[in-house]
Amino acid sequence: MDDELLELQRQFDFAQQAKFIFDFELLHTASGKEYITLDQLRNEMVTEVKRLGRISVIDLVDVTGVDLYYVEKLAQSIITDHGELMLTQGEIVTESYWDLIAEETNERLQECSQIALTELAAQLNVGLDLIASVLEPRLGTIVKGRLEGGQLYTPAYVARVSAMVRGAARGITVPTNLTVLWSSLQNLLQEMDAGVHWTPAVFAVSQKESVDSFFSQNSFISYDILQKLGIPQPVQFLQVTNPRYPEGKPLVTTFVHPSMIEMLDAATEDALERGSWSDSLSLLPSSFTPQDASKMLFLCQSVQLALKSNKAHIFGDFYVLSSSFMKDICDCTVKELETLAVSRSLGTVKPGDLPIANEVKAGYDSSRLSVSSEMASDSGSNKHADKGPKKKKGKATGNALANQSESGADNQEHTSTKSKKSQRKGKDTSSQTSDSKQGSRKESLKMKEDNLSSPSEEWIMEKITALVPDFEEQGIDDPETILRPLANKLRPTIINTWMEKRKALFKDNAERMKQLLDNLQKKLDESFLNMQLYEKALELFEDDQSTSVVLHRHLLRTVAAPMVDMLLHDLDEQNKLKNGVEVQESPNSESISFSPGDRAAISKSFPGALSNKALAVVEALEGKRVETFMSSFRAVTEESGLPLKKLDKKLERTLLHSYRKELTSQVSAETDPVSLLPKVVSLLYVQVYHKALQAPGRAISVAISQLTDKLDETACKIIADYQAAAVTLLTLSATPDDEDSCASNRIREIPESQMPALKSLVSGASRS
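Residues numbered from 1 in each chain as written. Predicted model: local features only at pLDDT ≥ 70, side-chain atom pairs only at ≥ 80, totals over all residues. Heavy atoms only, no water.

If you check an unreviewed UniProt entry, the chain appears there as E3 UFM1-protein ligase 1 homolog from Vicia faba.

### Quick notes on the UniProt feature "coiled-coil region" (unreviewed entry) in the chain
Counted only if it meets this: UniProt positions are given in the numbering used here, feature names are shortened, and annotations may be inferred rather than shown by experiment. Secondary structure elements follow DSSP: runs of H or I of four or more residues count as helices, runs of E of two or more count as strands, with numbering from the N terminus.
Within the UniProt annotation, "coiled-coil region" (unreviewed entry) is assigned to residues 503-537. End C-alpha atoms of residues 503-537 are separated by 51 Å, and the span's content is 97% helix alongside 0% strand.

### A word on a negative patch on the surface
Using the following cut-off: Like-charged residues within 9 Å of one another, or nonpolar side chains (Val, Leu, Ile, Met, Phe, Trp, Tyr) within 5 Å, are grouped into patches, provided each residue has over 30% relative accessible area and no salt bridge. Areas reported as accessible are Shrake-Rupley estimates using a 1.4 Å probe. Residue values count occlusion only from the protein chains shown. We define a salt bridge as a contact between a side-chain nitrogen of Lys or Arg and a carboxyl oxygen of Asp or Glu at a distance within 4 Å. For the purpose of charge, His is not counted, nor are the chain termini; Lys and Arg are scored as positive and Asp and Glu as negative. All charge positions are set by atom: Lys at NZ, Arg at CZ, Asp at CG, Glu at CD. For the exposure calls, accessible area comes from a 1.4 Å probe over protein chains only, and a residue counts as buried if that area is under 20% of its type's maximum, exposed if over 50%, partly exposed in between.
A grouping of E103, E104, E107 and E111 is seen on the molecular surface, where their side chains present a negatively charged patch. Secondary-structure assignment places E103 in helix α5 (residues 95-112). Since its relative accessible area comes to 41%, E103 is described here as partly exposed.

### Regarding the packing of helix α22 (residues 483-536) against helix α23 (residues 545-578)
Filter applied, for reference: For helices, the fitted line uses only the C-alpha atoms of the stretch in contact; every axis is such a line through C-alpha atoms, and the angle between N-to-C directions lies from 0 to 180 degrees. Throughout, the term roughly parallel applies to angles under 35 degrees, roughly antiparallel to angles over 145, roughly perpendicular to angles from 65 to 115, and oblique to all others. By convention the crossing between two helices is left-handed if the near helix lies anticlockwise of the far one by an angle smaller than a right angle, and right-handed if it lies clockwise. Three residue categories are used. Nonpolar comprises Ala, Val, Leu, Ile, Met, Phe, Trp, Tyr, Cys and Pro, charged comprises Asp, Glu, Lys and Arg, and polar comprises the others, including Gly.
Across the interface, α22 lies against α23 with an axial gap of 9 Å and an inter-helix angle of 165 degrees. The pairing of α22 with α23 is recorded here as roughly antiparallel in orientation. When you trace α22 past α23, the crossing you get is left-handed. For the contact of α22 with α23, the class distribution of residues is 18 nonpolar, three polar and six charged.

### Focus on the packing of α5 against helix α6 (residues 117-124)
What counts here: In this description, contact between two residues means that some pair of their heavy atoms is separated by no more than 4.5 Å.
Close contact between α5 and α6 brings their axes to 13 Å; oriented N to C, the two are set at 130 degrees. Accordingly, the angle class assigned to the pair α5 and α6 is oblique. The two elements α5 and α6 cross, and the hand of that crossing is right-handed. Taken together, the residues of α6 that come into contact with α5 (itself represented by Y97, W98, I101, T105 and R108) are E119, L120, Q123 and L124.

### Brief notes about the packing of aromatic side chains
This is how it is decided: Whether two aromatic rings pair depends on their centres lying within 6.5 Å, for rings of Phe, Tyr and Trp, where Trp uses its six-membered ring; planes under 30 degrees apart make the pair stacked, over 60 edge-to-face, and the rest tilted.
Taken as a whole, this structure holds 13 aromatic pairs when the rule is applied. Look at F215 and F255: their rings are 5.9 Å apart centre to centre, the planes differ by 45 degrees, and that puts the pair in the tilted class. Of the two residues, F215 sits in helix α10 (residues 201-218) while F255 sits in strand β11 (residues 254-256), which places them 40 residues apart along the sequence. Taken individually, F215 and F255 each receive the classification buried, so the pair is uniform in this respect. Measuring from centroid to centroid gives 5.6 Å for F528 and F633, while their planes differ by 15 degrees, and the two rings are stacked. With F528 in helix α22 and F633 in helix α26 (residues 626-639), this pair connects stretches of sequence that are 105 residues apart. Residue F528 is classed as buried on the basis of its relative accessible area, which comes to 1%. Exposure remark for F633: the relative accessible area of 0% places this residue in the buried category. Here the aromatic residues F214, F220 and F288 are joined through ring pairs into a cluster of three or more.

### Some words on the sheet that holds strand β6 (residues 114-116)
Quick reminder of the rule: Pairs of strands are assigned from DSSP output, requiring at least two bridges between the strands.
As summarised here, the arrangement of the three strands in space is β6-β8-β7, forming an open sheet in which the pairing is antiparallel. The strands lining the two open edges of the sheet, one partner per strand, are β6 and β7 (146-148). Between one strand and the next, the sheet's axes are offset by a mean angle of 25 degrees, whatever the strand orientation. Judged from the three bridges that link them, β6 and strand β8 (residues 151-153) form a sheet pairing that is antiparallel. If you follow Q114 over to β8, its bridge partner there is Y153. Against the sheet, α5 engages β6 and β8, with an angle of about 125 degrees to β6.

### A look at the sheet that holds strand β3 (residues 54-56)
In spatial order, the strands read β3-β5-β4; together these three strands make up an open sheet with antiparallel pairing. Each edge of the open sheet is held by one strand with a lone partner, namely β3 and β4 (85-88). Shown here is a sheet whose adjacent strand axes are inclined to one another by a mean of 20 degrees, direction ignored. Of the strand pairs in this sheet, β4 and strand β5 (residues 91-94) are connected by four bridges, and their pairing is antiparallel. Bridge pairing in β5 places L87 opposite I92.

### Digging into the nonpolar core
Generally speaking, a soluble globular protein has its nonpolar side chains buried in company with each other. To keep things clear, this is the line we draw: We define the nonpolar core as a collection of buried residues of types Ala, Val, Leu, Ile, Met, Phe, Trp, Tyr and Cys that are connected through side-chain atoms lying within 4.5 Å of one another.
Ranked by size, the top nonpolar core spans 72 residues in total, and within it L524, M531, F629, F633 and L758 carry the most contacts. The biggest single contributor to this core is α23, with 13 residues. Excluding its chain neighbours within four sequence positions, the residues that come into contact with L524 are M563, M566, L567, F633, T637, L642 and L644. Counting residues in hydrophobic clusters, the runner-up holds 45 residues, among them W277, F318, V320 and F471.

### With respect to the pattern of salt bridges
The full count for this structure, using the stated rule, is 21 salt bridges. In this structure, R484 and E458 form a salt bridge, with 3.4 Å as the shortest nitrogen-oxygen distance. Of this pair, R484 sits in helix α22 while E458 sits in helix α20 (residues 457-467); the two residues are 26 residues apart in sequence, bridging distant segments of the chain. Classification of R484 by relative accessible area gives partly exposed; the value is 23%. Under the relative-accessibility criterion, E458 is labelled partly exposed at 33%.

### Quick look at the confidence of the model for the chain
Short version of the rule: The pLDDT score gives, residue by residue, the confidence of the prediction method on a 0 to 100 scale.
Chain-level statistics for the chain give a pLDDT mean of 75 and a share of 75% at 70 or above. Summarising per-element confidence for the chain, the mean pLDDT is lowest in helix α18 (residues 398-402) (38) and highest in β11 (91). In the predicted structure, residues 356-453 sits below a pLDDT of 50 and forms 206 contacts with residues beyond four places in sequence or in another chain.

This is the structure we're talking about:
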């Protein structure tokens, strides 16, 4: 073992001392999952710089995924190798970038006549000296202007100023300071209302034709277009100074023809009639802003009437939702809340999955959860100045809402408070201490019920997104635009509707619960007393362990199992009714039979300690001892507030008399020779031992042997002969071959002929 460890250590040292297989330097990426060579890093940096024209070294780190140290090191080398690149203030800039800046500056200069370098430097986020050094070599080529005193001027501006100064100089008659002269000229220009601008007639005609052409083709024209045509006051130009479009409507950024308003009005009216919703902004040209769409909506007659009659609501400036569409959302959401109530009562939903508002999660009580009457404020008019991506027209989803799955959420959990009854005789329940504690528990429970929580806005937003997939499909990603205002608007209605339904359901369920528990108590008392009666007969077979196990299991399977199934079924129904779940009328619980898996599933759905005790009963039902089951069954019924009666001597005599009478009637009416034997044996046990025996077929032989010393020889012989004939008959019946049919008929005649004698035994006297 030591030699192997030494050999492994030697191999590990050799691997550590081995030289790197690459003869060039490799760099780790920031993710640590890749390597990159210096040449590849250089190529990627050069490519990115030339693509963008200007990029910071920090941005190159993000693009390449390599440490800043190597990027800065290679940046210096790249600048040296490429003369058209420069490094300034941590940024790499190409000459083509400065050429583009010079072209844009020249275009702006020709419009404004003068530009300050400080303004350009602030816009480009560079130093004043740098922008000056970049523009100077391009003056006269790309930039058509002069640079003096940190200002760029066009030749026309210089000529105009020179003409003004020359005219002013010619007009003065005394020596005058030039600064004073220029100031007076500037003030004169600002005070003059006319004569400052001269507009050639050809320009005015072209301007008018451009405006008329665009407006007639598109039925709208934006103020930006008018300003580019040299019209500084668009609305005044269109409606006041030259009112050629008196029917037009001025919006925030656009001037529209009434036909566009009529188009929007028709589309919105159609959506409202279909019980759907409409995205008004998506129906308008891309240059329209949300404010334009909002103003147009209030110019639509159908929208005005719908808002006045409360048939529509506007969200996010330009979304119009019909009231019927919103009602469908409320109805579907309430149905999902009701469905989750069923799931919660069955134990398939965890408390963390319930739609609890954030403000109450800290004080969440897992034993009881409902909704409060807290009303949320209406915030359906959130403003958004920026328009998002282009969207499609809203579709009619009102019908789709009705077809949505009714699986959903309910934020009311069932009460786990025990409702035990303490009605046993001899128990003193008038103690002041006990009453005080019970009163405190009731008061605490009432406080919890008064401090109810409600479904959160986030949960309602998720349900709206699921119910109206068009919102997500059309790119409505910002929840503040429509989802949150809509959830805020619907939340009080959802809460009130749900509360009203649950109150009505609780009222209807109260009477059903009372009747259910009363009937269950009666059926349990009867079944459990019979179970106690049959249990006493098991004492006769304690010395025979194998037979005792058979009898115990038979009693558990035939008598205890139906009793457990009846209890679990009615407790499950009572649990649902108590938690406000609508339960359909179920068949008689006495005829219901569950599998072991079904019993365990129902038990797990019960609250608190009741669940554990019910599971213990289910486990005891599959065991071998009746007394274990009886103890567990008493515990679960007491936990459920259903105390059971104990079998006293008087009740035992009454039940035994009824059992004997019923058996006697069955024996007299029995015509099947095989079925007669166990009934006669049970009746003999009542006569001899005063015990009600429930025995399966394979225990009949042992049960008969227990009677041999209690009956006379004639009776013993009759029973023994009849048993032998019955066993033979059963054996032949299991293999019904053709050649044995005659023999079977003959054998069958034997017990049939002995039936009168066997029946007479139960009416004869027995000896001690």
